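Tertiary structure, described
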Amino acid sequence: GRRLEAIRCWDLRARPPLAAEEEGGGVTRSTEMFGEGAMERFPKLAGVHLISLSAIPVSYGLNQVSGLSGSFIAVTGFMVLLALVAVTYIVQATPPQDHLFYVFAVFSFTSMIDLIISLEEDGYLSGFMEFYMREGEPYLRTAYGIMICYWDGTVHYAFYLVMLSAIVQRKNYRNVGLYWLGSLVMSMVVFLPANMIGKFGSQLRPAFLLNIPYLFLPIWAGVNIYKKPRSLPYCSVEKVVEEQKKWLHQRPLDLALVMYLLLALVFTLFRGLVALDCPTDSCFNYLYQYEPYLKDPVAYPKVQMLVYLFYVLPFFGLCIYGLIEPGCTWMLDWTLVLAGAVAQAQFSHIGSSLHQRTPYTYRTPEDAWWVFVLSNLLYALGPNLLAYRCFLNPGFFMAPKEGMHDQNDKKHK
């Protein structure tokens, strides 16, 4: 009985605010969501969306100014970011209590800038960001730079709009926020070091400092997002206990995920050794027959494989443990971070390996195209299926093991 009571207490704390509010007074919440307040929120969202779209005239106008130096571009960039924060605050009649609103509003503007960069570099636009690519961050002309700009200008931009809408409507955006956090941190962890140690290391200019907000603001945002209450499907106490009693072979999906993680772990180790110039024949053949991009002197693929080797590989092992041992509550959060990180990394890696900006000698050979694409897509799909499994049926991860052990010890005494 005490065990069930402990689980029930944890379970109620894990419920999304919606469930708690419905139990305590759903009428009040309904008037907040669908009454006059709902009509007041649409202008807020429209104003923020217009601010992000202002990236188009701003970039076009700056491109018409001739003779811009690297230092001037860096200073102008920081001034534009500060001006965006001020404008976002001014256009809000009642400023949101969640300060992340301003972070996401500014980042939505930079996402639109990145989308313009990627479209312009691929020849779909012209006359917008030529000055920036010439005097600001020329490494964004690489295949990897173009791909991360595509990802930031589409996927991240969609996340910002979703989270901004959730803040205005006072909804929980924790799951989306954790996925975004993993995606953004992964892109920065690879992008910044590779720029410094790769062939562009001697060409860094003051505009490189514009990436500093992407180092510190995601950390602060991640801490605040993590503190928000979990938003999970309701799972009864009986369901939690029933799920905990099942062995791994009684959970076919979890067994399949464990098998996938074991294979992904081996693949991660192998590609890490390839990136470290392992002299074995298998590594040599894989490098030149399937992924010659790993030898590209831009250093992005090498850094990516090392990040996989030293950070993602250990986490794969932890996830295997979390699928075997019940009550690993951290799985509900960190699998989302992992899924976002791997999705971003694989999109950029696959796209860069096939993009025309990658020199032909480092591009994936045509006869190995399908093997390369399918293996890397499966590598990206697994962590996302794992995160979806944890969200869809979280009962196996909900048990407070420490409390249970304490109760059992008391019973034995």
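Residues numbered from 1 in each chain as written. Predicted model: local features only at pLDDT ≥ 70, side-chain atom pairs only at ≥ 80, totals over all residues. Heavy atoms only, no water.

Regarding the overall build of the protein chain
- Of regular secondary structure, the protein chain possesses 17 helices and 0 strands.
- Counting the 413 residues in the protein chain, one finds 52% classified as buried.
- A sequence separation of at least 24 residues applies to 79% of the contacts in the protein chain between residues at least 6 apart. (Helix = DSSP H or I, 4+ residues; strand = E, 2+ residues; numbered from the N terminus. Buried < 20%, exposed > 50% of the residue type's maximum accessible area, 1.4 Å probe, protein only. Contact = heavy atoms within 4.5 Å.)

Notes on the confidence of the model for the protein chain
- Per-residue pLDDT for the protein chain averages 84, and the proportion of residues at 70 or more is 84%.
- Low pLDDT, under 50, characterises residues 6–40; the stretch is placed with 40 contacts to residues that sit more than four places away or in other chains.
- Overall, residues 401–413 carries pLDDT values under 50, and its contacts beyond four positions in sequence, including any with other chains, amount to 8 contacts. (pLDDT = per-residue confidence, 0-100.)

Focus: the packing of helix 6 (residues 100–121) against helix 8 (residues 143–168)
- In contact at an axis separation of 7 Å, helix 6 and helix 8 are set at 150° when each is read in the N-to-C sense. In terms of their interaxial angle, helix 6 and helix 8 are classed as roughly antiparallel. When the axes of helix 6 and helix 8 are compared, the crossing they make is left-handed.
- Its residues placed into classes, the contact of helix 6 with helix 8 shows 18 nonpolar, 7 polar and 3 charged. (Axes fitted to C-alpha atoms, helices over the stretch in contact; angles between N-to-C directions. Parallel < 35°, antiparallel > 145°, perpendicular 65-115°, else oblique. Left-handed = near helix turned anticlockwise from the far one by under 90°. Nonpolar A, V, L, I, M, F, W, Y, C, P; charged D, E, K, R; others polar.)

Looking at unusual backbone geometry
- Despite not being glycine, aspartate 277 shows a phi value in the positive range, around 65°.
- With a phi close to 80°, alanine 299 is a non-glycine residue in the positive phi region.
- Among the structural elements, alanine 299 can be located in the loop between helix 13 (281–289) and helix 14 (300–324).

Quick notes on helix 13
- Those residues of helix 13 that sit buried are Cys283, Tyr286 and Leu287. Viewed along the axis of helix 13, the buried residues span an arc of 100°, placing them on a single side of the element.
- In the core, the buried residues of helix 13 are packed alongside helix 12 (252–275). (Arc of directions from axis to C-beta.)

Digging into the nonpolar core
- With 111 residues, the main nonpolar core has Phe104, Tyr132, Trp180 and Phe191 as its most contacted residues.
- With 15 residues, helix 8 is the single largest residue contributor to this core.
- When sequence neighbours within four positions are dropped, the list of residues in contact with tryptophan 180 reads Phe104, Phe107, His156, Phe159, Tyr160, Met163, Pro218, Ala221 and Ile225. (Core = buried A, V, L, I, M, F, W, Y, C linked by side-chain atoms within 4.5 Å.)

Looking at the side chain of histidine 156
- Position of histidine 156 relative to the elements: it lies in helix 8.
- Judged by its relative accessible area of 1%, histidine 156 is buried.
- Polar contacts involving the side chain of histidine 156 include one to the side chain of aspartate 152, which spans 2.8 Å.
- Among all residues touching histidine 156, those that are not within four sequence positions of it are Ser111, Trp151, Trp180, Ser183 and Leu184. (Polar contact = N/O pair within 3.5 Å; in protein donor to acceptor, adjacent residues only side chain to side chain.)

Observations regarding the packing of aromatic side chains
- Counted by the stated rule, this structure contains 26 aromatic pairs.
- Here the aromatic rings of phenylalanine 270 and tyrosine 286 are separated by 5.3 Å at their centres, their planes lie at 75°, and the arrangement is edge-to-face. With phenylalanine 270 in helix 12 and tyrosine 286 in helix 13, the pair connects residues that are 16 residues apart, well separated along the chain.
- The class for phenylalanine 270 is partly exposed, based on a relative accessible area of 23%.
- You can call tyrosine 286 buried: its relative accessible area is 11%.
- Relative to tyrosine 290, the ring of tyrosine 286 lies with its centre 5.6 Å away and its plane at 25°, an arrangement referred to as stacked.
- Site record: aromatic cluster; members linked through ring pairs are Phe267, Phe270, Tyr286, Tyr290, Tyr308, Phe316 and Tyr379. (Phe/Tyr/Trp six-rings, centres within 6.5 Å; stacked < 30°, edge-to-face > 60°.)

What about empty space enclosed by the protein?
- Taken as a whole, this structure holds 1 cavity of 30 Å³ or more when the rule is applied.
- As a volume, the largest cavity reaches approximately 30 Å³.
- Elements with a minimum of two residues in the lining of the largest cavity: helix 15 (331–354) and helix 16 (369–392).
- Looking at the lining of the largest cavity residue by residue, the classes come out as 6 nonpolar, 2 polar and no charged. (1 Å grid on protein atoms, 1.4 Å probe; cavity = no way out; pocket = protein on both sides within 12 Å on 5 of 7 lines; lining within 4 Å. Points joined across faces, edges and corners; volume = space filled by probe spheres on them.)

Describing helix 15
- In this model, helix 15 (24 residues) spans 34 Å end to end at C-alpha, consistent with the 34 Å of a helix rising 1.5 Å per residue.
- Helix 15 sits mainly inside the fold: 21 of its 24 residues count as buried. (Expected span 1.5 Å × (residues − 1).)

What about the pattern of salt bridges?
- Overall, the coordinates contain 11 salt bridges when judged by the stated rule.
- Taking the shortest distance from any N to any O, the salt bridge between arginine 141 and glutamate 121 comes out at 3.4 Å. Placement of arginine 141 in the loop between helix 7 (130–135) and helix 8 and of glutamate 121 in helix 6 is noted, with a sequence separation of 20 residues between them.
- Under the relative-accessibility criterion, glutamate 121 is labelled buried at 11%.
- Among the ionic pairs, lysine 246 bridges to glutamate 243, the shortest N-O distance being 3.4 Å. (Salt bridge = Lys/Arg side-chain N within 4 Å of Asp/Glu carboxyl O.)

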